[in-house]
Amino acid sequence: MANKITILIVEDERAISHFISTVLTSNGYRTIQTETGRETLSLISSHCPDVVLLDLGLPDIDGLEVLRSVRQWSSVPIIVVSARGYEREKVEALDLGADDYITKPFGTSELLARIRTALRHNQKVAGSDAPNACFTNGGFTIDFEKRIVTVDGEPVHLTQIEYKIVALLSRHAGRVLTYDSIIEQIWGPYAADDNQILRVNMANIRRKIEQNPAEPRYILTEVGVGYRMTDQ
Amino acid sequence: MQRPNWLRRLSQLSAPRWLRPDAVKTLAILLATTLSCIVLAAVISSFDTVCLIVIYILAVVLISRFTNGYFWGIAASVAGVVAVNFFFTYPYSALDFTRAGYPFTFASMLLVSVMTSAMTVQIKQQARQSEERERHTRELYSISSRFLAARGGQQIAQAALDCLAGLSRPGILYGGNPAQEDCPVWTRGASSGQELVLRSSGERFAAGWVFAHGRPAGAGTEECTRSAVFYQPVCAADGVLAVIGLLYDDGGRPDAEQLGFLDSLASQMALALERQRLSEEQNAILMESEREKMRSNLLRAISHDLRTPLTSILGASDAILESSGQIDRETHDKLVGDIREDSQWLIRMVENLLSVTRISAGGTATVRKAPEAAEEIVAEAVGRIKVRYPGQPLDVRVPDEFLLVPMDATLIEQVLINLVENAILHSGIPMGAGAPPINVHITRRGGDALFEVRDYGKGVPAGMIPRLFEGYDLQQARSSDSSRGMGIGLSICSSIVRAHGGEISVENPPGGGATFRFTLPIDEVKTIGQ
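Everything numeric here is computed off the predicted structure, so don't read it as measured data. (Residues numbered from 1 in each chain as written. Chains lettered and ligands numbered in written order. Predicted model: local features only at pLDDT ≥ 70, side-chain atom pairs only at ≥ 80, totals over all residues. Heavy atoms only, no water.)

Enquirer: An account of the sheet that holds strand 11 (residues 504-507) of chain B is requested, with residue identities and associated values reported.
Expert: Residue and element names in this part refer to chain B. Judged by pairing direction, the sheet is mixed, and its 5 strands sit side by side in the order 7-9-10-12-11 without closing on themselves. Pairing within the sheet leaves two strands with one partner each, and these edge strands are strand 7 (394-397) and strand 11. Across the sheet, the mean angle from the axis of one strand to that of its neighbour is 15°, orientation sign disregarded. Pairing of strand 9 (residues 438-445) with strand 10 (residues 448-455) involves 7 bridges; the strand directions are antiparallel. Within the sheet, the bridge partner assigned to Val-440 lies in strand 10 and is Val-453. Sitting on the sheet, helix 11 (residues 374-388) touches strand 7, strand 9 and strand 10, and the angle it makes with strand 7 is about 170°. Of the strands in this sheet, strand 7, strand 9, strand 10 and strand 12 (514-521) touch helix 12 (residues 409-426), which is tilted by about 175° from strand 12. (Pairing = 2+ DSSP bridges. Helix = DSSP H or I, 4+ residues; strand = E, 2+ residues; numbered from the N terminus. Axes fitted to C-alpha atoms, helices over the stretch in contact; angles between N-to-C directions. Contact = heavy atoms within 4.5 Å.)

So, in C-alpha cells, the structure goes:
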C-alpha cells in the first residue's frame, strides 16, 4: 500500500473528481481528493503526492494562484486541467511551471498517458543528472552526443537551429513546450516576441522528419500553446 | 421724331448691348406706324385723330412686347403723343399742346399707352418668371431622380458629382468632415493643376470650416475669402453630412442661378443621404431581428437535439443502476457504450455552440484573427478526428509552401472537424479499413487558402445544396435522428468562414461523392515562402 503512487485530484466538480479517482484507483494509483485551493497547499505538504491534477477553475482561489504558490517550494509534477478554447490560460499555467495540461473533456487513456509522462520525467530528474545519450520514438532517433537525427534509419539533415529545436523537444518528450519557452531557449531571452520564425522552422522540420506534414507522428502542434514531441 | 444719325451712333456706342436691338425695334415700329398713318390719312378722308391714337397705342403694345423692360414702351408712348401732335393735328408739322381739349386727349393717350405698355411688360415678366420656375423644377426633378436611383453612399456621391458636372466647372465633394484625414473625397472635371488646388490643405481647411459652421463659404462670400472654391454644406436635421465645392480659379463668383442650383443640389443630396441612413437603420433592425430569429431557431433546434441523447443516457444509466446483476455482461456493455456515444455527441454539440458564441461575442460577426500555419491547424483537426473515428481512412495533403493564414484557429479547426465528420456520417459509406478515404486537401489559390474535404459517398441531394448552409430550419432538425445536428454543424461552418471573409460551397464532383470547400484570404505580407 505504502509504495503505491499517490495522486492528488483538485477538482470542484464531484462527479468528475469521482470518475478520475475511480479510473486511477483501478489502474493501481492511490488518490486523494480535494475541492479547494487552500486545502491543496496543505495536502501537498502533508501527503507529498507524486502527481497533482489541478483544475484551474476552483471556487476559492484561482488555480493559477495555487500553481504559483506551490511552485515556490515544491517541484511536484502538476498537470493542469483546462477547457478547450482557453489557450491563454494553458500557456500561462505552463509558463508558471505546470508540467503539462489536459483538455476537458478527456478520455481515460489520455489522462493515464499524461500521468505516466509526468511521473517518468520526475524520476528522470531525480534519478540521474546525465541525460540519455539517445532518444528514440518509433522510427525517429536522435543521438545527442553525435548530434545526429535519423528517421526510419535514414539520417536527416537539419540546420543548426532546427537541430536545437528538435533536441529541445526530444529532451522534454511527451511535454508541451510553449512557443515562448522554445524561443527563449533557442534564440535567447532577447529574441523578438514574434513566433513566426519558430513556425517557419517547425514547418521545415516537419517536411524533413514527417512522412506527411499534415499527419505528423513525432512533433505535434498544440494550436495556440506550443509543440510536443510524442513519447512512446 | 426721327433721331438724328449721330444720336443713333452714340446710342450704339454708349448703350449696353441689350439696348441696341431694342432701340432699333422701337424706332422701326414707330416709323412704320407714322408712315402708315400718313398714308392712311391721305387716302381715307374720314380718318380722324381717334383712329390715329388707337394705331399708336397698338404700336406701343407691340414695342412693349418685343423689347425688354419698361423704358422703351414708355418712351414710345411719349413719342407717339408727340408724333400725333406733330403730324396729324392742326397746326401740322408743328408742336402745339395748347389748343382747347387737346391736352386732355394727349394726356389720356399718354396714360393709356403707358399703362398698356406697363401691363404688357408685366405679363412678359410673369411669363419669364414662370419659365424660370419651370426650368428650376425640371432641374430639381432631374437632380432628385438621379438621387432616387442612387443606392448607398458611393452612388449618392456619384449622382451629386454628375449633377455638378452640369455647371461645367470643376467640382469637389467631401463625404464627411473634411477636417478628418479619412474623409472620402471625390473630384470631377478638374485638370491635374486644378486637382492640386482642390485638394490643397488650405482648401481643405475652408471645406472644414463650412462643415463645422454649416453655411456656405469660399469664393464670392464673406467667409474664407482666400479660397478659390465656393463651398456649399449639405445639411440634414442633425448636422452637416457633406460639403460640395465648385472651383472659381478664374476669379469668377457664383451667380444667383448657380447658387440656387447648388442649394437645391445640397438639399436633395441631404434628403438622399437621410433616406440612405434610414434604410441602413432599417436594414440593421431587420438583420437584428433576423439574427434574433436565427438564435431562437437555434435554441429550439438544440433543445430538441439535446433531449434525445440525454433521454438515452438517462435511460441507459437507470437500466444499469436498477437492474444490478440482472442484465448480462453484453447488454451492460452495450448500454454503457450508448451512454459513451451519446455523451461524445453532446460534447461535439457543445463545442459547436461555443464556436457560435465565439463569433457572436464580438457582436458584428467578426473574429479575432492571428496568423496560423494552415498545416498545423489541419494536423490538429485530423488528429482529433482520428481519436474519434480510429478506423476512418483519411487522405490529408498540404502544400509544400508554408501557408500562414490569418484565422481564429479554434474556429477553423471546428469547421474542418465538422466537415470531415459530416463526410464520415452522411456520405453513406460504412466506416472501415476498406472504405475509400476522405480527402482533406489544402492548396493555395491566388490570394486564398483553399480547404477541400471530399468524400466518395452518395453525394449531397441536389435539392438540398442551396439551403445546406442556411441552417437548421426546425423541420430539417426534426426530420430524422440520423442527421441530427448536421444542419447546425454546417451552418456554423458557414458563419465561421464568412466571418473570416472567406467563402464556403459544396458540389457533387464527377466521380461521385461530395466536395465541401472553403477559402480563407491570406495576408500577402505575412506569407513566407520556403
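Text resumes after the structure shown.
Enquirer: Give a description of the interface of chain A and chain B that names residues and reports values.
Expert: It is common to report an interface's size as the accessible area lost on association of the parts. Across the boundary between the two partners, chain A contributes 22 residues, which contact 30 residues of chain B. Taken over both partners, the interface formed by chain A and chain B buries close to 2100 Å², and the fraction arising from carbon and sulfur atoms is 48%. The interface formed by chain A and chain B holds 5 salt bridges in total. At the junction of chain A and chain B, the tally comes to 12 residue pairs in polar contact (both at pLDDT 80 or more). Counting residues per element, the ones that place at least two in the side of chain A that touches chain B are helix 8 (196-209) and strand 11 (219-222) of chain A. Considering each element in turn, the side of chain A that touches chain B owes the most residues, 8 residues, to helix 8 of chain A. Tallied by class, residues from the side of chain A that touches chain B come to 10 nonpolar, 5 polar and 7 charged. (Buried area = accessible area lost by both parts, 1.4 Å probe. Salt bridge = Lys/Arg side-chain N within 4 Å of Asp/Glu carboxyl O. Polar contact = N/O pair within 3.5 Å; in protein donor to acceptor, adjacent residues only side chain to side chain. Nonpolar A, V, L, I, M, F, W, Y, C, P; charged D, E, K, R; others polar.)

Enquirer: An account of the UniProt feature "transmembrane region" (unreviewed entry) in chain B is requested, with residue identities and associated values reported.
Expert: All names here are of chain B. The positions UniProt marks with the feature "transmembrane region" (unreviewed entry) are residues 27-58, 70-88 and 100-121. Along residues 27-58, the helical share is 84% and the strand share 0%, with 14 Å between the first and last C-alpha atoms. End-to-end, the C-alpha atoms of residues 70-88 are 27 Å apart, and along that stretch the chain is 95% helix and 0% strand. (UniProt positions renumbered as here; feature names shortened; annotations may be inferred.)

Enquirer: Outline the pattern of salt bridges, listing residues and values.
Expert: All names here are of chain A. In total, this model carries 37 salt bridges over all chains according to the counting rule given. For Arg-68, the salt bridge is made with Glu-65, and the minimal N-O distance between the two is 2.6 Å. Residue Arg-68 and its partner Glu-65 are located together in helix 3 (residues 63-71), separated by 3 residues, close to a single helical turn. Residue class for Arg-68 comes out partly exposed when judged on its relative accessible area of 34%. Through salt bridges with shared partners, one network takes in Asp-100, Glu-110, Arg-114, Glu-222 and Arg-228. (Buried < 20%, exposed > 50% of the residue type's maximum accessible area, 1.4 Å probe, protein only.)

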